[in-house]
Amino acid sequence: MSKDDVAFSVENVSISYPTSRGWVQAVRDVTMQVRRGQLVGLAGESGSGKSTLVLAATRVLQPPAVKVEGHVQIVGRDIFKLTKSELRTVRWKTFSFVTQSAMNALNPVMRIRAQMHDAMRAHDPDYSRSKADRRCEEVFRIVEVPIAKLDSYPHQLSGGQRQRAVIALALVLQPQLIIMDEPTTALDVVAQREIIALIRKLQRELGFAVLLITHDLSLLLEVADDVVVMYGGRIMESGPSSELLRDARHPYSRALIQSFPPLHGPMKRHEGIPGSPPDMQNPPPGCPFAERCASAIDVCSEKAPTLVSWRERQIACHVAQTDVADSEVGV
Ligand SMILES: Nc1ncnc2c1ncn2[C@@H]1O[C@H](COP(=O)(O)OP(=O)(O)OP(=O)(O)O)[C@@H](O)[C@H]1O
Ligand SMILES: [Mg+2]
C-alpha cells in the first residue's frame, strides 16, 4: 500500500496523562491505519483509550496535558511536526473531528448558519457570503435536515437534528477524513442507527474516510470495512469486519461480540464480560485482558503479547497466536 492511500496512520503511539499519583498510561504502543475512502470502526469498553488516541492524534490534547510518543500522519501530513498555524489549516479542511460530546461542538448562542459561515470564512480563501450560503444549504440537504433549521439556534433542533447539524459542520469543507467519537451517544437506538446509516451512505457517496468510535461492536461490524478492538490501552485484534464477525480470534473481541445482540438473526442469550478493566496507573505487565480471560495461560499475565499479522488481520494474544500457527501447519 502506498503512503498516498492512507488517510490516517498511527505508528507506535503511546499516550499518558500526568496525575498527582503518577502517569496514567491510557494508550500503549498502538499502530493502526484508515485507508482513503474506508470506514474503520474503533471499539472497546469504556476506558480502553479510544478517545485518548484520537484526541492526542489530532492534537486536541497536547503536552503538557498528555505525554505522547510515536508518529501520526493524516492525509500525508506529519501531525506532530505541524506548526500551530499549519494545524489550523489542516483541521476542518483536511480532517474534521466530531467529539464525544458533539452537542458541545455547536455554539449555543449562535445560529447554525453563522457557525458554518465562520468555519468557511476561516478556511476558504474564496469565501463569499452567497457561496457559503449555497454550501450550507447543500450540506443540510445531504444530512437531511430542513433548510429552515439553518437559521435556528442549536437548542431549537431535536437531538437527532443537532447531531446531523454537527455532521454537516464536519462536512462543510469537504475533508478527506472525518473522525467521529461516539457521535450518537445522546440519541435513542433508532436515531443512533439512522445516523450511522447516514454516515455510511455519505462516506460511500462522497468518498471521504471515516474513523468511527463506538462501544457498539455489533453495529460497527455491520457498517465498517475494518474494525480495531482496543482494551487496556492496547489493540487486541483488528481486521476486516466480515472476518471478525465470522471468526474473531481474540478472546476479548469474542467476548465483546457475545455481549451485544446482533442486528439480525435469531434471539439468543447474551453474556456480559465478568470483571472490570485494569488500573491504567499500574497496568499489568502481561496482556491487559488476562485477568478476565477464560482462555488465559501463565504467560498471559507475565508478558504482553505483540500484535502479530495473520492473513488480513492483526492479533495480540498468546493463545490465539498459537492456535492460528497450528491451524496454518495443515494448510
Ligand atoms: N484527563 C485525564 N487524566 C487522567 N486519566 C485520564 C484522563 N482522561 C482519561 N483518562 C484515563 O485514560 C484511560 C482511557 O480513557 P479514554 O477516555 O480514552 O477511554 P475511552 O475508550 O474513550 O472510554 P469511553 O468509551 O468511556 O469514552 C482511562 O483509564 C481514563 O480513566
Ligand atoms: Mg471515549
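What comes next is a walk through the structure. As a convention, each chain's residues are numbered from 1 in the sequence order in which they are written. Chain A is the first chain written and ligand 1 is the first ligand written, with later ones labelled in order. Per-residue local features of the predicted model are confined to residues with pLDDT of at least 70, and side-chain atom pairs are confined, for both listing and counting, to 80 or more; whole-chain, interface and lining totals are unaffected and use all residues. Only hydrogens and water are removed before side-chain values are computed, so all heavy atoms of the structure are retained for them.

A few points about the packing of aromatic side chains
Planes of paired rings set the category: under 30 degrees apart is stacked, over 60 is edge-to-face and the rest tilted, where pairs are Phe, Tyr or Trp rings (Trp by its six-membered ring) whose centres lie within 6.5 Å. On inspection of all chains with the given rule, the structure shows three aromatic pairs. Measuring from centroid to centroid gives 5.0 Å for Tyr252 and Phe289, while their planes differ by 65 degrees, and the two rings are edge-to-face. Residue Tyr252 is found in helix H9 (residues 251–258), and its partner Phe289 is found in the loop between H9 and strand E11 (308–310); the two are separated by 37 residues along the sequence. Here Tyr252 and Phe289 have matching classes, each one buried. Chaining the aromatic ring pairs together yields one cluster made of Tyr231, Tyr252 and Phe289. The criterion is that NZ of a Lys, or CZ of an Arg, lies within 6 Å of the ring centre and within 35 degrees of the ring normal, and then a charge sits over that ring. Between the NZ or CZ atom of Lys67 and the centre of the ring of Trp23, over which it lies, the distance is 4.2 Å. In DSSP terms, a helix is any run of H or I states spanning at least four residues, a strand is any run of E spanning at least two, and both are numbered starting from the N terminus. With a 1.4 Å probe rolled over the protein chains alone, any residue whose accessible area is under 20% of its type maximum counts as buried; one over 50% counts as exposed, and the rest are partly exposed.

As for the sheet that holds E11
Read across the open sheet, the eight strands follow the order E6-E7-E8-E3-E9-E10-E12-E11; overall the sheet is mixed. Here the strands that pair on one side only, and so sit at the sheet edges, are strand E6 (95–98) and E11. The sheet shows a mean angle of 20 degrees between the axes of neighbouring strands, direction not considered. One ladder, built from four bridges, connects strand E3 (residues 39–43) with strand E9 (residues 226–231); its direction is parallel. Within E9, the position partnered with Val40 by the bridge is Asp226. Think of it this way: DSSP has to see at least two bridges between two strands before they count as a pair. Interaxial angles span 0 to 180 degrees and are taken between N-to-C directions of axes, which are lines fitted to C-alpha atoms, for helices over the stretch in contact.

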